[in-house]
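Descriptive structure summary
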Amino acid sequence: DTRNHMDHVRILLVQYAEGLDRHTAASDIDVAWAICALDLQGTYHKVLAQALKRLFQSEPPLALTQLIKIFDVLSFLEVSGDDHVVKPPSAWCSRSRWAQHQEAERRVTSPLFAEVASYLGGPTSSMVVGQMNVGSGLPPLRMKRGCVLGPYQVDFADLSSSVVIDIELAGWPVTRCIAHQTL
């Protein structure tokens, strides 16, 4: 758990800001993502701004993982009200949105997604999941697949009750922790 190692994280961020290692687009993306994932944008505002300014001077990368991380960073900053840090070029915004959409589509076609959908009540786009609330006195959940909530597409959601089921596996390219924080 990174929260138990925050002293080390702070040291690494200070060293990165001081330029002890060469800054690359990939390292700037990783640093920006880590700052947002650990909710450190208030403390390390300058480091985040410098990394994003350097990054946005180049063309967007082709790697989906890097683009998904940038999508998370931009979405996190927008939702948290810190989107004034650096104005991203439109090419970065559209390319990162495309990457996030590609990842969402890949999840939808995974065997695990189909298995969870089957368990929740069937393969249709709107599923009634009454067995989840049996005996609770609550109305049945009406899960919809692929709902868009804020900037993110989640796997399953019941909009009337604000219940979200989002599948995450260790083998997927980027953890969904920023998406889950901002939802």
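As shown above, the structure is provided for reference.
All figures in this text were calculated on a predicted structure; none of them were measured in a lab.

This brings us to the pairing of strand β2 (residues 141–149). Here β2 pairs with strand β3 (residues 152–158) via five bridges, running antiparallel. Counterpart to V148 in the pairing with β3 is Q153.

In terms of nonpolar packing, the biggest core is built from 33 residues, with I35, L40 and L52 touching the most fellow members. Those elements that place two or more of their residues in this core are α1 (6–17), α2 (25–37), α3 (45–55), α4 (64–80), α5 (90–108) and α7 (177–182). If we skip the residues at most four places from it in the chain, L52 touches A32, I70, V73, L77, V85 and V86. Within the second largest apolar cluster, seven residues are counted, among which are F113, L141, M143 and I167.

This brings us to the pairing of β3. With seven of seven residues buried, β3 is to be regarded as a mostly interior element. What sits between β2 and β3 in their antiparallel hairpin is a turn of two residues, with G150 showing a positive phi close to 60°. Pairing analysis gives three bridges linking β3 to strand β4 (residues 163–165), with the strands arranged antiparallel. Residue pairing in the sheet places F156 in a bridge with I165 of β4. Taking the residues that link successive antiparallel strands as the turn, the β3-β4 hairpin has four residues, and the phi of S162 there is positive, at about 65°.

Reading guide: rules and limits
Residues numbered from 1 in each chain as written. Predicted model: local features only at pLDDT ≥ 70, side-chain atom pairs only at ≥ 80, totals over all residues. Heavy atoms only, no water. Pairing = 2+ DSSP bridges. Helix = DSSP H or I, 4+ residues; strand = E, 2+ residues; numbered from the N terminus. Core = buried A, V, L, I, M, F, W, Y, C linked by side-chain atoms within 4.5 Å. Buried < 20%, exposed > 50% of the residue type's maximum accessible area, 1.4 Å probe, protein only. Contact = heavy atoms within 4.5 Å.

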